[in-house]
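Residues per chain, in single letters:
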Amino acid sequence: MKALVFERNLPRFAAARLASVVAGSGHGVGVGPLELLEVDPPSLPAPGWVRLEPRLAGICGSDLATLDGRSSRYFEHLVSFPFVPGHEIVGDVKGGRLDGRRAVLEPVLGCEARGIDPPCPACAGGHKGACERIAFGSLAPGLQTGYCADTGGGWSAGLVAHESQLHEVPEALSDEAAVMVEPTACAVHAACSTEPPSGASVVVLGAGTLGLCTIAALRHFCLPGTLVAAAKHPTQRQLAADLGADQVVEPGEVVRAARRLSGTLALVSDAGRIERLAGGVDIVYDCVGSPESLEQSLAIAHPGGDIVLVGMPGVTRVDLAPLWQREVRLRGAYAYGAEARPEGTRSTFELAFELVASARLERLVSAAYPLERYEEAVAHAAAAGRRGSVKIVFDLRRKSRSRTPSEEAE
Amino acid sequence: MSPRPGFVLEVDRSTPQTLFWRGEGFGLERLPAGSRVLYGPEPLAALRDPDAAIRHALDHPLGDSAPLRSLLHAGMKLTIAFDDISLPLPPMKSPDVRQRVIEAVLDLAAEAGVDDVVLIAALALHRRMTDDELRHALGTRVFDAFAPHGLLVQHDAEDPANLVDLGQTDEGEDVELNKRAVESDLLVYVNINLVAMDGGHKSVATGLASYKSLKHHHNVRTMRASKSFMDRHHSQLHTSNWRMGKLIAEAGVKIFQIETTLNTDTFPPEMRFLQRREWEWTARDRASFFATSKALERTPPELARRIFHSVKAPHDLTSVQAGEVDAVHDRTLENVFRQQIVPVEGQTDILTMGLPYICPYNVNSIMNPILVACLGLGYFFNLYRGRPLVREGGVVIMSHPTPWAFNPVHHPSYIDFFEQVLSETTDMLEVESKYETAFATDPWYIHLYRTSYAYHGVHPFYMWYWCAHALEHVSKVIIVGGDRAAVRRLGFSPASTLADALEMASDVVGRDPSITHLHTPPLLLADVQ
């Protein structure tokens, strides 16, 4: 079968990094360790595992960071090579209780998938994203499908999945909607695990897939008082407003917008540039994960406020003096598991299915490419905002030219 | 030879191209045959001895007022308020007329043994002046005598301890003024009346007031009913200020008003071609134009801005009158009209105007998009008596680069107004009802207004309201050569060239419109029959 395979190849990894630094994100793929190969399908590791044939598989920010050679060395022990990327997957199940059905993959490879019994405390509590054993057990290390040598990944014609990872897709949900469930679950977890109090002022930095889904999740599950979104591109701005942002501003305007929202004073340079707010907003969701966005978050979070890193950060140099002096809480929001809701504990994926359907998040899928055109697909994903797009996916349903969802509908 | 009066030129095939300002630059445009170009009267002759004229005015006041020297006595509390950085435009060469007048007043005060004297820059909600700006306006002698002792202050409309509420007018308008000015035995107000809008009761009632007072006449309703605010008897802005003036007088505030008029000699000799009629340009004028305009094309905008803002106008004093407010102001208006009136027959379908680099609110600063709108639709559109130059439903075409740029020290709330308010709505009444109070009471803007050099938080609203009459009157506003995004944010239409703009205007006014160009400088006031 065909698969995009990411090898451990340090020279090509360095070349990818250089290319992405020189020419921009997405340009590392041509010289990097990713190759389209003819490979054998992965074997089923153990009982309880089934085959999954992807229909659509998304390209996410962490994939791009990997292809660009920008991902943190922190992950070195949490992946195994060679791996097939792709963890945002809707596909057809072959075998097991869901045989013949469509399913969305919950890609975290926690204790149950790894055959670890008893499970770690996090998995026992349903919080798979916080699994302590992702480098252990019967599988090669891999924090998720798409980073593990034993499972394959979504950017291929087939992979293996533990039955506990699969969520059946309702008939009414299109493939485009279903492929949005995984990124939406990340946003749902970010919103629900840090649920802002009623009336809280919230800023969401970034309006790519994660940012837009976070806006939708906050509006759907948390009802913050006022939600300001920073979005760079016109399509993103329109979607941010449609999904529930009260105000959408350019990234360069967000500090001033946060100041207006909080009604606070600001400290300015001699040239009048606002350096940071005296007070600020209650919660900042940083869906960018860059040093600049973290610095901006620190400039606008009020003393005692929260900064939630939703976008995957890397090695970052940032002045933490304001974090210390203002007692700001900085926390991450990774993956998913179970969320405490007023009606009781619910699976993050269950909530994500609900949100995808109600907010019509299939509209975020902007273009689909066959595996053979992976370089174009990656370039498109890296420039998605600029090109008026949001989520770029691989279409494994047939070998064809790239199609937009509307073309697909026709 | 006496200066020639204003003139309306009808463009024909032999008419040379017309000069259009474009911010920190200018160019020549060929207007269609049949267009009219309005030129203001040539600058009036200067008073031969301005200091003597000032002393004479102080000794021979108008209206029901005694000579200034008889109003001064030892032990009294004297306050001298003066117009701020917004006047004149461009700032005038030294000595500034405020310096001349204030020195004369201080000489009389010294003769009378008055030792409790405070000078107040009548900022209203404008930014504070820097020491250099104050020194330029008042002269080194006055500045050094007062500033180090805390006797030269700038009106602070947000200092409750130094404001006093005088009550309400018959129309329920609050009058809250500077406490020192109100509680003085005599308040001398020193005006520069560059245009007909300036002076009269507006000087004290606006220049020394708080937001609580100002909001009664700086609002959409009032501005729409000021037709124009250069025509005091048809201006609700002035009617309201006059009501406040009456209340101020009834409260016992004794005002000695000094008003001065300047001629329209706007630029120094090397730039004088800018105020000459193009067909009268000499070879030297043409050479200056081409050299200057070409050099400016290659000059970075910030440098060009610095160069232009360093220009000092050779304005000369043409009259000075002092005494009782109404009598003084009536005489002042006669003198302003003598300098600026141009009779014009009938309105026009399209009014064109070239907007220069400066307006009252960006001296030594950036002309941001809101100020571009205000200069064109607030000030230039309102340079009329009788009827607007452009007919109802007509089109205004302005040329200006309209950069999406702001001075964050001077105009912090303008940035937010542009980013937040105008991105949501440009509708005057919605802007006013939904956002004004929040901006006016924002503690950060208040802090910057009081301690830095920032215009008050509400000021961009006022500049927007300044456009209210024009925007209600015309169908379309086009800016030639402006930043397209900024122009659209204002709700106007961008055009690359004047020809494109005229083509766009034809959608509204047809293929054969009448066109009138407002040529400034020199400043003029169209008396539209």
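Residues numbered from 1 in each chain as written. Chains lettered and ligands numbered in written order. Predicted model: local features only at pLDDT ≥ 70, side-chain atom pairs only at ≥ 80, totals over all residues.

**Description of the overall build of chain A**
When its secondary structure is counted, chain A shows 13 helices and 19 strands. Against the compact-globule benchmark of 22 Å for 410 residues, chain A has a radius of gyration of 21 Å, which places it among compact chains. Once the C-alpha set of chain A is aligned to its principal axes, its extents read approximately 65 × 50 × 45 Å. Put simply, chain A has 410 residues, and 53% of those count as buried. Within chain A, residue pairs in contact and separated by at least 24 positions form 69% of the contacts whose partners lie at least 6 positions apart. (Helix = DSSP H or I, 4+ residues; strand = E, 2+ residues; numbered from the N terminus. Rg over C-alpha atoms; globule rule 2.2 N^0.38 Å. Buried ≥ 20, exposed ≤ 12 C-beta atoms within 10 Å, placed from the backbone. Contact = placed C-beta atoms within 7 Å.)

**Quick word on the domain arrangement of chain B**
All names here are of chain B. Examined at the domain level, chain B breaks down into domain 1 (7-43 + 271-311 + 341-528) and domain 2 (50-262). If you look at the interface, domain 1 gives 31 residues, while domain 2 gives 28 residues. For the side of domain 1 that touches domain 2, the element with the most residues is helix α16 (residues 428-440), which contributes four residues. Residues that form the side of domain 1 that touches domain 2 fall into these classes: 22 nonpolar, five polar and four charged. (Domains from an automatic or database assignment. Nonpolar A, V, L, I, M, F, W, Y, C, P; charged D, E, K, R; others polar.)

**Overview of the interface of chain A and chain B**
Contacts between the two partners involve 13 residues from chain A, matched on the other side by 12 residues from chain B. Among the elements that make up the side of chain A that touches chain B, the one with the highest residue count is helix α8 (residues 254-262) of chain A (four residues). A class-by-class count of the residues in the side of chain A that touches chain B yields five nonpolar, three polar and five charged.

**Section: the domain arrangement of chain A**
All names here are of chain A. Considered domain by domain, chain A is made up of domain 1 (2-179 + 360-409) and domain 2 (186-342 + 350-354). Taken over C-alpha atoms, the centre of domain 1 sits 27 Å from the centre of domain 2. Broken down by element, the side of domain 1 that touches domain 2 gets its largest block of residues, three residues, from helix α2 (residues 61-67). Looking at the side of domain 1 that touches domain 2 residue by residue, the classes come out as eight nonpolar, nine polar and four charged.

**Quick look at the nonpolar core**
A:Ala229, B:Val105, B:Cys374 and B:Val396 are the most contacted members of the largest nonpolar core, which has 304 residues in total. Per element, the largest residue contribution to this core is nine residues, and it comes from helix α14 (residues 369-380) of chain B. Setting aside anything within four residues of it in sequence, one finds A:Ala229 in contact with A:Val204, A:Ala207, A:Ile215, A:Ala240, A:Ala245 and A:Val248. (Core = buried A, V, L, I, M, F, W, Y, C linked by C-beta atoms within 7 Å.)

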